[in-house]
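Observations on chain architecture
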Amino acid sequence: MIMSVQIDQGRLGSFRALLLVQAAVAGLFGLSTFLAPERFAAFTGYTGHQPFFYRLVGAATLGYGVVALAAYWERVPWQQVRIPIVAAFTFNLAAVVASLLSLADGDRQPLVYFVLVAAAAFTVVAAYWLRRNQGIPLAENRRISSNFRAVILMATAAAAFFGVVPLLLARPLASAAGFKTDDLFILRGAAAATLGYAVAGVLQLRSSVWSAIRLQVIAALVFNGLSVIGAALYLLSGGRSLVGWLILVAATIFTVGLAWGFGAVRAAGTPV
């Protein structure tokens, strides 16, 4: 009698290599833009007049890097990392759009071309794994409560707004908010990264199974927690745009709410 062996692609060496590449690239880009925005701008040929934009894209990107590293380290099965891969796919696809829009806007910096090629390549690779979609079904049936779902819903709605509007309307939005309009590719990049969280949030709400959404909750925690720091630094340095206050308040609420839900699971073993 021949027994079939069920393959879980999340534990294949080739997929785990992808996680390492994502962790390395997202970590390098995220740390450099978040910790040294002015130096990053000078290195890539931009003005760096709005370090707030750089820290936002860094905060969002680091969420992807942390989750990829966690998935690799924990050797999680495919169904536990599928939503973060959908988020990364969305991010990179939107980054392709951001690059094309910036090129159409006259931005010819090498970073735009590099991101265009790298994001397009990762989009294709991520699409392959998502289409393949081979994984052992999750045995866990724990579901999150309506309170935690409400937090995810609000965070998803905010991510959708800040993912779509700055991506498609970067110049008028920056101008209306009182920002300089010379580093719009960075703003579009931040929007592209944020859009990935929005799409992942929709999938989280549709799933509601804790083990399927856990890694993406971690990503959102990293993103929002660092966004609080980025917004605070912007305001403390004299930034006057209301967008800074809006992001500070919203990211603080989401950080507290997500940390509360995550901590309750760790303490009690069941979602609240």
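Residues numbered from 1 in each chain as written. Predicted model: local features only at pLDDT ≥ 70, side-chain atom pairs only at ≥ 80, totals over all residues. Heavy atoms only, no water.

1. Considerations on the overall build of the protein
- Each helix and strand counted, the protein has 10 helices and 0 strands in total.
- In the protein, the order of α-helices and β-strands from amino to carboxyl end is α-α-α-α-α-α-α-α-α-α.
- In terms of its C-alpha atoms, the protein occupies a principal-axis envelope of roughly 70 × 40 × 25 Å.
- Scored against the burial criterion, the 272 residues of the protein give a buried share of 55%.
- Residue pairs at least 24 apart in sequence account for 80% of intrachain contacts in the protein once pairs closer than 6 positions are excluded.
- With the model as given, the accessible surface of the protein reaches about 12800 Å², and the carbon-plus-sulfur share is 69%.
- Side chains of the protein give 19 positive and 8 negative charges; the mean places of these two sets differ by 9 Å. (Helix = DSSP H or I, 4+ residues; strand = E, 2+ residues; numbered from the N terminus. Buried < 20%, exposed > 50% of the residue type's maximum accessible area, 1.4 Å probe, protein only. Contact = heavy atoms within 4.5 Å. Areas by Shrake-Rupley, 256 points an atom, 1.4 Å probe, with all protein chains shown as cover. Lys, Arg positive; Asp, Glu negative; His and termini not counted. Charge placed at Lys NZ, Arg CZ, Asp CG, Glu CD.)

2. Considerations on helix 9 (residues 210-236)
- Between its terminal C-alpha atoms helix 9 stretches 37 Å, which fits the 39 Å expected from 27 residues at 1.5 Å a residue.
- The largest bend in helix 9 amounts to roughly 25 degrees and is located at Gln 216.
- Burial analysis of helix 9 places 21 of its 27 residues in the buried class, which makes it a mostly covered element.
- Count one or two residues on from helix 9 and you reach Gly 238, which has phi positive near 105 degrees. (Expected span 1.5 Å × (residues − 1). Bend = angle between axes of the 7 residues up to and from the residue.)

3. Details of the pattern of salt bridges
- Within this structure, the stated rule accounts for 3 salt bridges.
- Across the salt bridge formed by Arg 214 and Glu 74, the nearest N and O atoms sit 2.6 Å from each other. On the criterion of sequence distance, the pair formed by Arg 214 in helix 9 and Glu 74 in helix 3 (residues 51-74) is long-range, its members being 140 residues apart.
- Classification of Arg 214 as buried rests on a relative accessible area of 17%.
- We classify Glu 74 as partly exposed; its relative accessible area is 39%. (Salt bridge = Lys/Arg side-chain N within 4 Å of Asp/Glu carboxyl O.)

4. So, unusual backbone geometry
- Backbone geometry at Arg 75 places phi at a positive 55 degrees, although glycine is not the residue there.
- Position of Arg 75 relative to the elements: it lies in the loop between helix 3 and helix 4 (78-104).
- The backbone of Asn 133 sits at a positive phi, close to 50 degrees, despite the residue not being glycine.
- Within the element layout of this structure, Asn 133 appears in the loop between helix 5 (110-132) and helix 6 (146-168).

5. Overview of the packing of helix 6 against helix 8 (residues 184-207)
- With their axes 7 Å apart at the nearest point, helix 6 and helix 8 run at an angle of 145 degrees to one another. Between helix 6 and helix 8 lies a crossing of left-handed hand. Each of Arg 149, Ile 152, Leu 153, Thr 156, Ala 159, Ala 160, Phe 162, Gly 163, Val 164, Pro 166 and Leu 167 in helix 6 lies in contact with helix 8, whose residues at this interface are Leu 187, Arg 188, Ala 191, Thr 194, Leu 195, Tyr 197, Ala 198, Gly 201, Val 202, Gln 204 and Leu 205.
- By residue class, the composition of the contact of helix 6 with helix 8 is 15 nonpolar, 5 polar and 2 charged. (Axes fitted to C-alpha atoms, helices over the stretch in contact; angles between N-to-C directions. Left-handed = near helix turned anticlockwise from the far one by under 90°. Nonpolar A, V, L, I, M, F, W, Y, C, P; charged D, E, K, R; others polar.)

6. Some thoughts on the confidence of the model for the protein
- Scored by pLDDT, the protein has a mean of 92; 94% of the residues are at 70 or more.
- Within the model, pLDDT remains below 50 along residues 1-5, and this stretch shows 0 contacts once partners closer than five positions in the same chain are excluded. (pLDDT = per-residue confidence, 0-100.)

7. Describing helix 6
- Here helix 6 is 23 residues long and its end C-alpha atoms lie 33 Å apart, about the 33 Å a rise of 1.5 Å per residue gives.
- Listing the buried residues of helix 6 in full gives Phe 148, Val 151, Ile 152, Ala 155, Thr 156, Ala 158, Ala 159, Gly 163, Pro 166 and Leu 167.

8. Points about the side chain of Asp 183
- Within the element layout of this structure, Asp 183 appears in the loop between helix 7 (170-177) and helix 8.
- Within the buried core, Asp 183 has no salt-bridge partner, and the shortest N-O distance to an opposite charge, that of Arg 171, equals 9.8 Å.
- Reaching out from Asp 183, the side chain makes a polar contact with the side chain of Thr 47 at a distance of 3.0 Å.
- Engagement of the side chain of Asp 183 in a polar contact is seen with the side chain of Tyr 54, the distance being 2.7 Å.
- In this structure, Asp 183 is in contact with Tyr 46, Thr 47, Gly 48, His 49, Phe 53 and Tyr 54, ignoring residues within four places of it in sequence. (Polar contact = N/O pair within 3.5 Å; in protein donor to acceptor, adjacent residues only side chain to side chain.)

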